[in-house]
Amino acid sequence: MVSGKRLRGLGTELAAVLVPAVAVLWAQPPFSWSVASALVACGLLPLRHIWPPLAVLGALWGLAGGLGWPATLVALYTLGRRAGRAYATAPWLVPPVVAAVTPVLLTQALPWQRIVLTVAFVGLYAIAPTSLGLLMSTRERLTESLNDLEHAREEALAASQEAARAQERARIGREIHDAVGHHATLIAVGAAAIAASTNEDETRRGAEQLRTLAKRALAEMRVALGLLDGREHAAGLTEIAALVAGSRAAGVDVELLPSGTPTEVGPAVGRAVYRVVQESLTNAARHSPGSAVRVELRWQPQELQVHVRNTAPARPIRVRRDTVGGGGAGLTGLAERVASVGGQLSWGPMAGGGFAVRAIFPLRHEPLALPPAAEPSRAEETAAP
């Protein structure tokens, strides 16, 4: 079964040959051999797929007979389309012009003015289809270049987003190390103290084994996380008020609006909330200078809702076309951090202008904190011998 593409190609080829042939049959032949030579030129048109100049050369006898222009137009168009360069097609325009003008000069006595006009019009007939073919070829190359540029832009954007995710993973990894590593270190120190203070061999061996396992777990965690040497301050919920005050001191019109009854949250959730507010204030100051920002912390029985909204900028700014989702690459990494503590993050422009960032944190999801059973209570410590 013939595919649709091959059928369209066959239909185009038949039209390219039959339409010039019909035009030849409808014309008034100046010579007895004009129709035959023009139909031969139409029949030779498929040769343009092998080498376009072959069809141009095959149309010369038809041009000499006065009826070869229909086939020549098709051949010259293909010549310009395939060559793609003006300097490559210019030499092949001379034979058609000579073949079309020579019979006129030999059979008619024309003044030099009409000879000049005849040559000029014949030259225009030859240049027009060739130029159209050149333009179509240039358009195809430009379209291909634009597609390549768009593909490169998408790859650069994907790389930027991946870099943001990697940076956020590194930051989360450092915080995991700070949270878990602290408790692992305390376990190792406590086990070493027990081993040094007890006289029972079995207790000493168990404490030494516990100390070794804690140190090994800490070392394996550091290797798995690939921690950087630098450390950053892990801020949480208690620093949000200072963050808002600092932004206000820097000239940002920002207001903190807490509502509901605050409850205790895990350190991972607190740090994620802090980062949502921090990133939102940074984006508002950068992309909407002069806008009013409202930070809302809504405490619900089962979740904490964080809404950061800013109005439209006080002065017009240029919006980058490569902005994704209305926010920067920082929001992409921030969404991963919020998801790591069981939350959800969304952002986008508001209907009346401005921008909104919304995050929801479940109050009972604390994956980065050690379970209570892992830490001995004070009662157990008192009861211990």
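Residues numbered from 1 in each chain as written. Predicted model: local features only at pLDDT ≥ 70, side-chain atom pairs only at ≥ 80, totals over all residues. Heavy atoms only, no water.

**Brief notes about the confidence of the model for the chain**
Per-residue confidence for the chain averages 79 on the pLDDT scale, and 85% of its residues sit at or above 70. Every residue in residues 319-328 is under pLDDT 50, and counting partners more than four places away or in other chains gives 11 contacts. Low confidence marks residues 365-385, where pLDDT is under 50. Its contacts with residues over four positions away, or in another chain, come to 17 contacts. (pLDDT = per-residue confidence, 0-100. Contact = heavy atoms within 4.5 Å.)

**Quick notes on the packing of helix H10 (residues 240-249) against helix H11 (residues 267-287)**
The interhelical angle for the contact between H10 and H11, taken along N-to-C directions, is 10 degrees, at an axis separation of 10 Å. Of the possible angle classes, the one that applies to H10 and H11 is roughly parallel. On H11, the residues touching Ile240, Leu243 and Ser247 of H10 are Val273, Tyr274, Val277, Gln278 and Leu281. Broken down by class, the residue content of the contact of H10 with H11 amounts to 6 nonpolar, 2 polar and no charged. (Axes fitted to C-alpha atoms, helices over the stretch in contact; angles between N-to-C directions. Helix = DSSP H or I, 4+ residues; strand = E, 2+ residues; numbered from the N terminus. Parallel < 35°, antiparallel > 145°, perpendicular 65-115°, else oblique. Nonpolar A, V, L, I, M, F, W, Y, C, P; charged D, E, K, R; others polar.)

**What about the nonpolar core?**
Among the nonpolar cores identified, the biggest contains 32 residues, and Val273, Val276, Val293, Leu304, Val306 and Phe361 are the most heavily contacted of them. At the level of secondary structure, the elements contributing two or more residues to this core comprise H10, H11, strand E2 (292-299), strand E3 (303-310), helix H12 (329-340) and strand E5 (355-362). Counting residues per element, this core draws most heavily on H11, which supplies 9 residues. Discounting chain neighbours no more than four positions away, the residues touching Val306 are Val273, Val276, Val277, Glu296, Leu297, Val357, Arg358, Ala359 and Phe361. Membership of the second largest hydrophobic core comes to 26 residues, among which are Ala55, Ala59, Ala71 and Val101. (Core = buried A, V, L, I, M, F, W, Y, C linked by side-chain atoms within 4.5 Å. Buried < 20%, exposed > 50% of the residue type's maximum accessible area, 1.4 Å probe, protein only.)

**Brief notes about the pattern of salt bridges**
Pairing between side chains of opposite charge can happen when their charged atoms approach one another. Under the defined criterion, the tally for this structure stands at 11 salt bridges. With a shortest N-O distance of 2.3 Å, Arg81 and Glu140 are connected by a salt bridge. Residue Arg81 is found in helix H5 (residues 69-83), and its partner Glu140 is found in helix H8 (residues 112-197); the two are separated by 59 residues along the sequence. By relative accessible area, Arg81 is classed as partly exposed at 27%. Assessed through its relative accessible area of 39%, Glu140 is described here as partly exposed. Between Arg204 and Asp201 there is a salt bridge, with the nearest N and O atoms lying 2.9 Å from each other. One end of the pair, Arg204, and the other, Asp201, are both in helix H9 (residues 201-225), 3 residues apart, so they sit about a helical turn from each other. On the basis of relative accessibility, which here comes to 28%, the residue Arg204 falls in the partly exposed class. (Salt bridge = Lys/Arg side-chain N within 4 Å of Asp/Glu carboxyl O.)

**What to know about the sheet that holds E3**
Taken in spatial order, the 5 strands line up as E1-E2-E3-E5-E4 in an open sheet, and their pairing is mixed. Looking at the sheet topology across the chains shown, the edges are occupied by strand E1 (253-259) and strand E4 (344-349). Neighbour-to-neighbour, the strand axes of the sheet open up by a mean angle of 10 degrees, direction not taken into account. Strand direction decides the pairing type here: E1 and E2, joined by 7 bridges, are parallel. Bridge pairing links Leu257 to Glu296 in E2. Contacts from H10 reach E1 and E2, with the element oriented near 160 degrees to E1. (Pairing = 2+ DSSP bridges.)

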